[in-house]
Amino acid sequence: MSGTGVPRSQHLTMTPYLLQSPRMLDSSLKTKIMNEVDRRFDDQTKVLADLVKIPSTRFREAPAQDMMARLFKEDGLGIDRWQIKIDDLKHLPGYSPHSQDYDDAWNVVGAWRPSSPKGRSLILNGHIDVVPEGPHEMWSRNPFEPAVKDGWLYGRGSGDMKAGLILNVYALRALKALGFQPAADVYQQSVVEEECTGNGALACLQRGYRADAALIPEPSSGVLTIAQVGVMWFQVKVTGHPVHVYKADAGSNAIESAFRLIQQLRELEKKWNAKKAHDKHFCDHHHPVNFNVGKIAGGDWASSVPAWCTFDMRVGVLPSQNLKECQQEIEDLIRHAAANDPFLGNNPPSVTWEGFQAEPFVLKNHEKVREVLAEAHQTVFGAALQDKTSTGTADNRFFGLYAGIPALVYGPQSDDIHGFDERVNLESVRKITQATALFIAEWCGLEKV
């Protein structure tokens, strides 16, 4: 495989389902593809472990991106590696505000571009960034020393979502080992910022990458995500009046004031969850909207009434809600709650929107691509592909909302992502790799190397 990393001209970008359909795979070829995935799976597991060893929390992703670029280069793909620039993105729909610089934020795309494409093009998207691991002593082992136990590979990022990035690589390697290559453009994307803004995926769109479909192997336990909530991050800064603790009632405790505001926000959480009755995708979900106080800090001295407190919150938004209206509702609640406080009424808290401003997303115009994935899933698992809704967000929203590209989230089984002892089920990884290889072969078509 060879070719440059630069995407094709924009005029070729989006003609969904109008391209020539590839021929149906015969059962013999399907079996060969699945067997080839099996033959290479020990090597796939080793490479996954090597990637998990590289800590790639935010602002530390570059070494892991180096590894992804090497893997793409080994496969003869055109390499496109570029530094994300906020000025290129901040005017685009879907951009999430970010106050810190992007000096070390790099995306990597490995591009396969046949000289005469005949099939349907595809984006294989995954994110390299992982969430902070927390105190190492609360893990059973070092989070960046991967280990296999009882069929699971442990380590931060093993499931979310380095297993997905590597299975994309090995699905294509299985096809190549059998003497085939995709008959259409395939772009393997390894992006940053999925865990806090999504601006890495947005940068791929800004760069010009388009295809007839996208497949994102986020951990989904082998089911297809058809709807997901929106997600917003914000920070509230609360001031107080510091005095010596011996006359605490003469001051205003910023930490206690912040706690009262959080209680009011919890009431709003109940109100928004009640809206699920009118949302066809989440009406049966027991608690689709989650408000989470993810960070809090305040005060300077145990014997002083604290003069400041800040807390960061993540909130979910139903598909039936509007993101801007939800932002306004939160700001109005905090303003009204503060107005009833003797001190805060004259010193109102500030609200800053930083990080995720992710719109809710419902998968549309996906019937043909879902049909191809469902057939691949049926072949591997011997069962029908199931749909699900998600109370989190993923980068699929960028492709669907802003580029008209049907984006399927379908990946392996993982436990305790964002928690301690994160792990991914290796048998699930193997089967999803097989299904992905079959999907690529059917969707893109195959030609002889």
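Residues numbered from 1 in each chain as written. Predicted model: local features only at pLDDT ≥ 70, side-chain atom pairs only at ≥ 80, totals over all residues. Heavy atoms only, no water.

## A short note on the overall build of the protein chain
(1) Moving on: Looking only at helices and strands, the protein chain features 11 helices and 20 strands.
(2) Moving on: In terms of overall size, the protein chain behaves like a compact globule, its C-alpha atoms giving a radius of gyration of 24 Å where 449 residues would be expected to give roughly 22 Å.
(3) Moving on: The principal-axis extent of the C-alpha atoms belonging to the protein chain is close to 80 × 45 × 40 Å.
(4) Moving on: In the protein chain, 84% of the contacts between residues at least 6 apart in sequence involve partners at least 24 apart.
(5) Moving on: When the accessible surface of the protein chain is summed, it comes to about 18,800 Å², and 50% of that surface belongs to carbon and sulfur atoms.
(6) Moving on: One way to put it: in the protein chain the 48 positive side-chain charges average out to a point 4 Å from where the 55 negative ones average out. (Helix = DSSP H or I, 4+ residues; strand = E, 2+ residues; numbered from the N terminus. Rg over C-alpha atoms; globule rule 2.2 N^0.38 Å. Contact = heavy atoms within 4.5 Å. Areas by Shrake-Rupley, 256 points an atom, 1.4 Å probe, with all protein chains shown as cover. Lys, Arg positive; Asp, Glu negative; His and termini not counted. Charge placed at Lys NZ, Arg CZ, Asp CG, Glu CD.)

## Some details on the layout of surface pockets
(1) Moving on: Its boundaries defined by the atoms lining it, the largest pocket holds a volume of some 1,600 Å³.
(2) Moving on: Lining of the largest pocket is provided by 44 residues; of these, Val 131, Glu 195, Trp 233, Phe 356 and His 418 occupy positions nearest its centre.
(3) Moving on: Among the elements of the structure, strand S9 (224–228), strand S10 (230–239), strand S11 (291–298), strand S12 (308–317) and strand S16 (387–390) are those that each provide at least two residues to the lining of the largest pocket.
(4) Moving on: The greatest single-element share of the lining of the largest pocket, amounting to 4 residues, is contributed by S10.
(5) Moving on: Grouping the constituent residues of the lining of the largest pocket by class yields 14 nonpolar, 19 polar and 11 charged. (1 Å grid on protein atoms, 1.4 Å probe; cavity = no way out; pocket = protein on both sides within 12 Å on 5 of 7 lines; lining within 4 Å. Points joined across faces, edges and corners; volume = space filled by probe spheres on them. Nonpolar A, V, L, I, M, F, W, Y, C, P; charged D, E, K, R; others polar.)

## With respect to empty space enclosed by the protein
(1) Moving on: The full count for this structure, using the stated rule, is 2 cavities of 30 Å³ or more.
(2) Moving on: The computed volume of the largest cavity comes to approximately 40 Å³.
(3) Moving on: Elements with a contribution of two residues or more to the lining of the largest cavity: helix H9 (367–381) and helix H11 (426–444).
(4) Moving on: The element contributing the most residues to the lining of the largest cavity is H9, with 4 residues.
(5) Moving on: Residues of the lining of the largest cavity, tallied by class, amount to 5 nonpolar, 1 polar and 3 charged.

## Examining the confidence of the model for the protein chain
(1) Moving on: With 95% of its residues at a pLDDT of 70 or more, the protein chain shows a mean pLDDT of 94.
(2) Moving on: For the stretch residues 9–22, pLDDT sits under 50, and the model shows 32 contacts to residues farther than four places along the chain or on other chains. (pLDDT = per-residue confidence, 0-100.)

## Remarks on the packing of helix H2 (residues 41–52) against helix H5 (residues 158–177)
(1) Moving on: At a minimum axis distance of 10 Å, the contact between H2 and H5 shows a crossing angle of 135°. Considered as vectors, H2 and H5 are oriented oblique to each other. In this structure, H2 crosses over H5, and the sense of that crossing is right-handed. Contacts between H2 and H5 involve Asp 43, Gln 44, Val 47, Leu 48, Leu 51 and Val 52 from the former and Ser 158, Lys 162, Ala 163, Ile 166, Leu 167 and Tyr 170 from the latter.
(2) Moving on: Residue classes in the contact of H2 with H5 are distributed as 8 nonpolar, 2 polar and 2 charged. (Axes fitted to C-alpha atoms, helices over the stretch in contact; angles between N-to-C directions. Parallel < 35°, antiparallel > 145°, perpendicular 65-115°, else oblique. Left-handed = near helix turned anticlockwise from the far one by under 90°.)

## Here's the deal with the side chain of Asp 421
(1) Moving on: Structurally, Asp 421 is set in the loop between strand S18 (414–415) and strand S19 (423–425).
(2) Moving on: Look at Asp 421: it is buried, it has no salt bridge, and the nearest opposite charge is Arg 141 at 5.1 Å.
(3) Moving on: For Asp 421, the side chain forms a polar contact with the side chain of Ser 140, separated by 2.7 Å.
(4) Moving on: If we ignore the near neighbours within four places in the chain, the residues touching Asp 421 are Trp 139, Ser 140, Arg 141, Tyr 154, Asp 415 and Asp 416. (Buried < 20%, exposed > 50% of the residue type's maximum accessible area, 1.4 Å probe, protein only. Salt bridge = Lys/Arg side-chain N within 4 Å of Asp/Glu carboxyl O. Polar contact = N/O pair within 3.5 Å; in protein donor to acceptor, adjacent residues only side chain to side chain.)

## Quick word on unusual backbone geometry
(1) Moving on: In the segment running from Asp 160 into Met 161, the intervening peptide bond is cis, with an omega of -10°.
(2) Moving on: Along the chain, Met 161 turns up in helix H5.
(3) Moving on: Notably, Ser 221 is not glycine yet its phi reads approximately 60°, a positive angle.
(4) Moving on: Within the secondary structure layout, Ser 221 lies in the loop between strand S8 (214–216) and S9.
(5) Moving on: Residue class for Ser 221 comes out partly exposed when judged on its relative accessible area of 47%.
(6) Moving on: One non-glycine residue with positive phi stands out, namely Asp 421, at about 60°.

## As for the state of the cysteines
(1) Moving on: One pass over the structure, following the stated rule, counts 0 disulfides.
(2) Moving on: Cys 196 carries a free sulfur, and the closest cysteine sulfur to it, the one in Cys 204, is 15 Å from it.
(3) Moving on: With no disulfide of its own, Cys 326 has Cys 283 as its nearest cysteine by sulfur position, at a separation of 18 Å. (Disulfide = S-S within 2.5 Å.)

## Topic: the packing of helix H1 (residues 27–39) against H5
(1) Moving on: The geometry of H1 relative to H5 is characterised by a closest axis approach of 9 Å and an angle of 115° between their N-to-C directions. When you trace H1 past H5, the crossing you get is right-handed. Contacts from Ile 33, Glu 36, Val 37 and Arg 39 of H1 reach H5 at Ala 174, Leu 175 and Ala 177.
(2) Moving on: Across the contact of H1 with H5, the residue classes break down as 5 nonpolar, no polar and 2 charged.

## Comments concerning the pattern of salt bridges
(1) Moving on: A full pass over the atoms with the stated rule returns 22 salt bridges.
(2) Moving on: For Glu 375, the salt bridge is made with Lys 30, and the minimal N-O distance between the two is 3.1 Å. Highlighted residues: Glu 375 in helix H9 and Lys 30 in helix H1, separated in sequence by 345 residues.
(3) Moving on: For Lys 30, a relative accessible area of 13% puts it in the buried group.
(4) Moving on: The network of salt bridges with common partners includes Glu 36, Arg 39 and Arg 40.

## Examining the nonpolar core
(1) Moving on: In this structure, Met 68, Leu 122, Phe 439 and Ile 440 are the most contacted members of the largest nonpolar core, which totals 93 residues.
(2) Moving on: Aside from chain neighbours lying at most four places away, what touches Met 68 is Leu 51, Ile 128, Leu 165, Ile 166, Val 169 and Ser 190.
(3) Moving on: Within the second largest apolar cluster, 35 residues are counted, among which are Phe 234, Leu 268, Leu 323 and Cys 326. (Core = buried A, V, L, I, M, F, W, Y, C linked by side-chain atoms within 4.5 Å.)

## Re the sheet that holds S19
(1) Moving on: In space, the 4 strands of this open sheet follow the order S4-S5-S19-S18, with antiparallel pairing throughout. Of all the strands in the sheet, the pair left with one neighbour each is strand S4 (147–149) and S18.
(2) Moving on: When S4 meets strand S5 (residues 152–154), the two strands line up antiparallel, connected through 3 bridges. Its bridge partner lying in S5, Ala 147 is registered against Tyr 154.
(3) Moving on: Against the sheet, H11 makes contact with S4, S5 and S19, and its axis sits at roughly 55° relative to S19, the strand it touches most. (Pairing = 2+ DSSP bridges.)

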